[in-house]
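Per-entry structural report
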Amino acid sequence: MGFKDTKVVVVGAGKVGSTTAFSIINQGLCGDVCLIDVDHEHAVGEALDMRDSVFFMNRNVNVHAGDYSECADADIVIITASAPMPKGSNDRLEMLKPSLGVMRSVVEQVMASGFDGIFLVVSNPVDVLSYYAWRLSGLPHGRVIGTGTLLDSARLCRALSDMYALAPSSVEAYVLGEHGDSEIVSWNSATIGGKRVDDVLRDNASRTRGVTRDELRKRTVQAGWDIFNRKGNTCYGIASSTASIAKSILFDESRIMPVSVYLDGQYGIHDTFISVPTIVDGTGAKEIVEIDLLPEELEALRRSADMLHGLDEKL
């Protein structure tokens, strides 16, 4: 794709949507960014504010607010719109019922425009809503991707790198499954500088200070809530992870990412959107990578999928 010919539409100009759009603009990922929101004037204000920033970025990105007709020639439509999180909640699944109507309205209007690109779903609960968006859209399942556990994986890598005063990029570890309480860590494939994390934890007991794998997983699950309960939202991390998925699509990077995609037999899981390592390129979810999981990890992943599949069947 040529830069000038690429277009991303972000549906939902709240904290997550506007920060995602700004991340895309700041990185110069496409030539045209359009914001759509039920509060059109708010979307206009966000777009005008971002346009002022473009001068300082050495970018030539067209930023504007629009309506669903803008989706007709979009390469990616990013959906961040959803029902608000109930006050005091610590369960993303509580957002499901009120968010279904929002997702239906968005997808139907996007598809009515003639859209033929890739959906990138951010709205929570992301796995079930990605499945719903795919069913509503009629698109091939590889062209609907949920942000899934990409941010969770980044949080785990950061936690491990902090323990050893390393750059986060020195750590490779995947969080898989539901983006939520049932997510798992693939410890069997996790490495720090090419060394298995289990061996690093054992060989560096003085720095590890008794931190266990289970504690690290719990910290990862809790990390988003620690932010949400303090500031009322999370936006920078999820915006950056969403932009990284968009970049792999727009630049045809073929990066392997733990994102929420449709499984049809892989890992013994059927008819469910759930996060597993996936090759993401210009076609969307090009190929699911089946990594070796320990028996207990595979069992936990399947339990997570069973829970999501139960919700999918009720849609």
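All of these numbers come straight from a predicted model, not from anything done at the bench.

Read across the open sheet, the three strands follow the order E7-E10-E11; overall the sheet is antiparallel. Each having just a single partner strand, strand E7 (171-172) and strand E11 (195-196) make up the two edges of the open sheet. Relative to E11, strand E10 (residues 191-192) is paired through two bridges, and the arrangement is antiparallel. Of the residues in E11, the one forming a bridge with Thr191 is Arg196.

Attention now moves to the environment of Asn58. Note on placement: Asn58 falls in the loop between helix H2 (40-54) and strand E3 (62-65). For Asn58 and Gly28, which are 30 residues apart along the polypeptide, the C-alpha to C-alpha distance reads 8.9 Å.

This paragraph deals with the nonpolar core. Formed by 81 residues in total, the largest nonpolar core has its most connected members in Val77, Phe119, Tyr267 and Leu301. Non-local contacts of Phe119, meaning those with residues more than four positions away in its chain, are made with Val77, Ile79, Val107, Val110, Met111, Ser137, Leu139, Arg143, Val144 and Ile145. Leu156, Val175, Trp187 and Val197 belong to the second largest nonpolar core, which has 18 residues in total.

Rules used in this analysis
- Throughout, a residue's number is its position along its own chain's written sequence, starting from 1.
- Local features in this predicted model are restricted to residues whose pLDDT is 70 or higher, and side-chain atom pairs enter the listing and the counts only when it is 80 or higher, whereas totals over whole chains, interfaces and linings include all residues.
- To get the side-chain values, all heavy atoms of the structure are used, and hydrogens and water are removed first.
- One bridge is not enough; two strands pair if DSSP finds at least two bridges between them.
- Put simply, DSSP marks the helices as runs of H or I at least four residues long and the strands as runs of E at least two long, and each gets a number from the N terminus on.
- By nonpolar core we mean a set of buried residues, namely Ala, Val, Leu, Ile, Met, Phe, Trp, Tyr and Cys, connected to one another through side-chain atoms within 4.5 Å.
- Categorising residues by exposure relies on relative accessible area from a 1.4 Å probe, with only protein chains included: less than 20% of the type maximum marks a residue as buried, more than 50% marks it as exposed, and the intermediate range marks it as partly exposed.
- Only heavy atoms enter the contact rule, under which two residues are in contact if any of them lie within 4.5 Å.

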